[in-house]
Amino acid sequence: ANAVAPDFVVKAVRSYELPEMVAIEPGTFMMGNIEGQRGNGRYRPQHSVTITRGLWVSKYEVTQRQYESVIGSNPSEWRSDSRPITNLSLVEIVTYCNRLSELEGYTKAYTLEGSNVTWNRTANGYRLPTSAEWEYFARSGTTDNTYAGVNTGEEPNPLLEEIAWYSTNSIDPDGKRSIKSVGLKRANQWGLHDVIGNVHEVCFESFVPYSSEPRTDPWGGFRGDSIVVRGGNYSLRASSMVVGDVSQVVTEGTVSRAAGIRLVRFK
């Protein structure tokens, strides 16, 4: 009898770890802090923002294990495979995004010339969100100053206890505060964990003052001297744990010992 060998399909095994991504549809929301609720007045007035393209957004902040599997090093201060990668320079962040895009066959989002970074806004590769994109997916269709209701700033804070690591609940047995493993607090309505607290999340943008004018896919550009980080971190008081607040850090050297990254790419 003629024997026919079965077909064998050999699948490539990744030598690196990909962040788990969540699909986010386009839409319109009100950006900025809400009058009458806690939040820095500098980040007002609220204004209508439309995001026109769907996104893939990492479910968690990028972990040390994920970063190290691509880059081969880990500069984080609090070492753990499951904690967010921190202590990165902007060049290191961009290099990670581009290398992951190359490995997965996507068009690189960034061009890096020395320390100068240019964003190709049509590329489908991995990148940092804009500030507006970040607030859109952090709010996840909700309208208060957190995605779980109104944070009035008290400490300890029962609302924050469910969703965020902040100054009151991030204290270790040795009495010191530290960054925690990702995904231990309740996700927002779109399935994203730790958008408030734990570590700040870097956005590829320099801050531009708000106005009341409606905007579509806004981006303030990147000047090279400072960069926006969002969401608060483990060391900040409850009053700072709101989705509308914005922080800015200088881009010389390490962006921040308490800042991590959440990746996005266009659908």
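Residues numbered from 1 in each chain as written. Predicted model: local features only at pLDDT ≥ 70, side-chain atom pairs only at ≥ 80, totals over all residues. Heavy atoms only, no water.

### A short note on the confidence of the model for the protein chain
Then, in step 1: Considering every residue of the protein chain, the mean pLDDT works out to 94; 96% of them sit at 70 or more.
Then, in step 2: For the stretch residues 1-5, pLDDT sits under 50, and the model shows 0 contacts to residues farther than four places along the chain or on other chains. (pLDDT = per-residue confidence, 0-100. Contact = heavy atoms within 4.5 Å.)

### So, the sheet that holds strand E9 (residues 226-230)
Then, in step 1: The strand order across the open sheet built from 4 strands is E10-E9-E7-E11, with neighbouring strands paired in mixed fashion. Lying at the two open borders of the sheet, with one neighbouring strand each, are strand E10 (246-250) and strand E11 (259-260).
Then, in step 2: Relative to E10, E9 is paired through 5 bridges, and the arrangement is antiparallel. Opposite Ser226, over in E10, you have Val250 as the bridge partner. (Pairing = 2+ DSSP bridges. Helix = DSSP H or I, 4+ residues; strand = E, 2+ residues; numbered from the N terminus.)

### Regarding the layout of surface pockets
Then, in step 1: Here the largest pocket defines a volume of roughly 150 Å³.
Then, in step 2: Lining the largest pocket, in full, are Ser89, Leu90, Val91, Ser115, Asn116, Val117, Phe222, Arg223, Gly224, Thr251 and Gly253.
Then, in step 3: Counting residues per element, the ones that place at least two in the lining of the largest pocket are helix H2 (90-104) and strand E6 (116-119).
Then, in step 4: Looking at the lining of the largest pocket residue by residue, the classes come out as 4 nonpolar, 6 polar and 1 charged. (1 Å grid on protein atoms, 1.4 Å probe; cavity = no way out; pocket = protein on both sides within 12 Å on 5 of 7 lines; lining within 4 Å. Points joined across faces, edges and corners; volume = space filled by probe spheres on them. Nonpolar A, V, L, I, M, F, W, Y, C, P; charged D, E, K, R; others polar.)

### What about the pattern of salt bridges?
Then, in step 1: For the structure shown, the criterion picks out 15 salt bridges.
Then, in step 2: Here Glu77 and Arg257 are joined by a salt bridge, their closest N and O atoms 3.0 Å apart. One end of the pair, Glu77, is in the loop between helix H1 (64-71) and H2; the other, Arg257, is in the loop between E10 and E11, with 180 residues separating them in the sequence.
Then, in step 3: Among the residues examined, Arg257 registers a relative accessible area of 40% and is labelled partly exposed.
Then, in step 4: A salt bridge links Glu135 to Arg230; the nearest nitrogen and oxygen atoms lie 2.8 Å apart. Separated by 95 residues along the polypeptide, Glu135 in helix H3 (residues 131-139) and Arg230 in strand E9 bring together distant segments of the chain.
Then, in step 5: Assessed through its relative accessible area of 0%, Glu135 is described here as buried.
Then, in step 6: The exposure class assigned to Arg230 is buried, which follows from its relative accessible area of 0%.
Then, in step 7: Several salt bridges converge on common partners, so that one network encompasses Glu135, Arg139 and Arg230. (Salt bridge = Lys/Arg side-chain N within 4 Å of Asp/Glu carboxyl O. Buried < 20%, exposed > 50% of the residue type's maximum accessible area, 1.4 Å probe, protein only.)

### Describing the side chain of Asn198
Then, in step 1: The residue Asn198 is located in the loop between helix H4 (158-163) and strand E7 (200-202) in this model.
Then, in step 2: Since its relative accessible area comes to 0%, Asn198 is described here as buried.
Then, in step 3: In this structure the side chain of Asn198 is engaged in a polar contact, spanning 3.4 Å, whose partner is the side chain of Glu61.
Then, in step 4: Not counting residues within four places of it along the chain, the set of residues in contact with Asn198 comprises Glu61, Pro84, Trp165, Ile179, Lys180, Ser181, Asn233 and Tyr234. (Polar contact = N/O pair within 3.5 Å; in protein donor to acceptor, adjacent residues only side chain to side chain.)

### Observations regarding the pairing of strand E4 (residues 55-58)
Then, in step 1: By the bridge criterion, 4 bridges tie strand E1 (residues 21-24) to E4 in an arrangement that is antiparallel. Across the sheet, the residue bridging to Ala23 is Trp56, located in E4.
Then, in step 2: As paired strands, E4 and strand E12 (residues 264-266) are joined by 3 bridges and run antiparallel to one another. Paired with Leu55 across the strands is Phe266, a residue of E12.

### Considerations on the sheet that holds E12
Then, in step 1: Taken in spatial order, the 3 strands make up an open sheet running E1-E4-E12, and their pairing is antiparallel. In the strand order of this sheet, the two ends are held by E1 and E12, each with one partner. On average, each strand axis in the sheet is inclined to that of its neighbour by 25 degrees, with strand direction left out of account. (Axes fitted to C-alpha atoms, helices over the stretch in contact; angles between N-to-C directions.)

### Side note on empty space enclosed by the protein
Then, in step 1: Summed over the entire model, instances satisfying the criterion amount to 2 cavities of 30 Å³ or more.
Then, in step 2: The space that makes up the largest cavity amounts to roughly 120 Å³.
Then, in step 3: As for the largest cavity, its lining consists of 14 residues, and the residues nearest its centre are Met31, Glu205, Val208, Tyr210 and Arg215.
Then, in step 4: Looking at the second largest cavity, its volume works out to about 30 Å³.
Then, in step 5: Residue lining of the second largest cavity: Ile85, Asn87, Leu88, Ile93, Val202, Val255, Ser256, Ala259, Gly260 and Ile261, and that is the complete set.
Then, in step 6: Class assignment for the residues of the lining of the second largest cavity results in 7 nonpolar, 3 polar and no charged.

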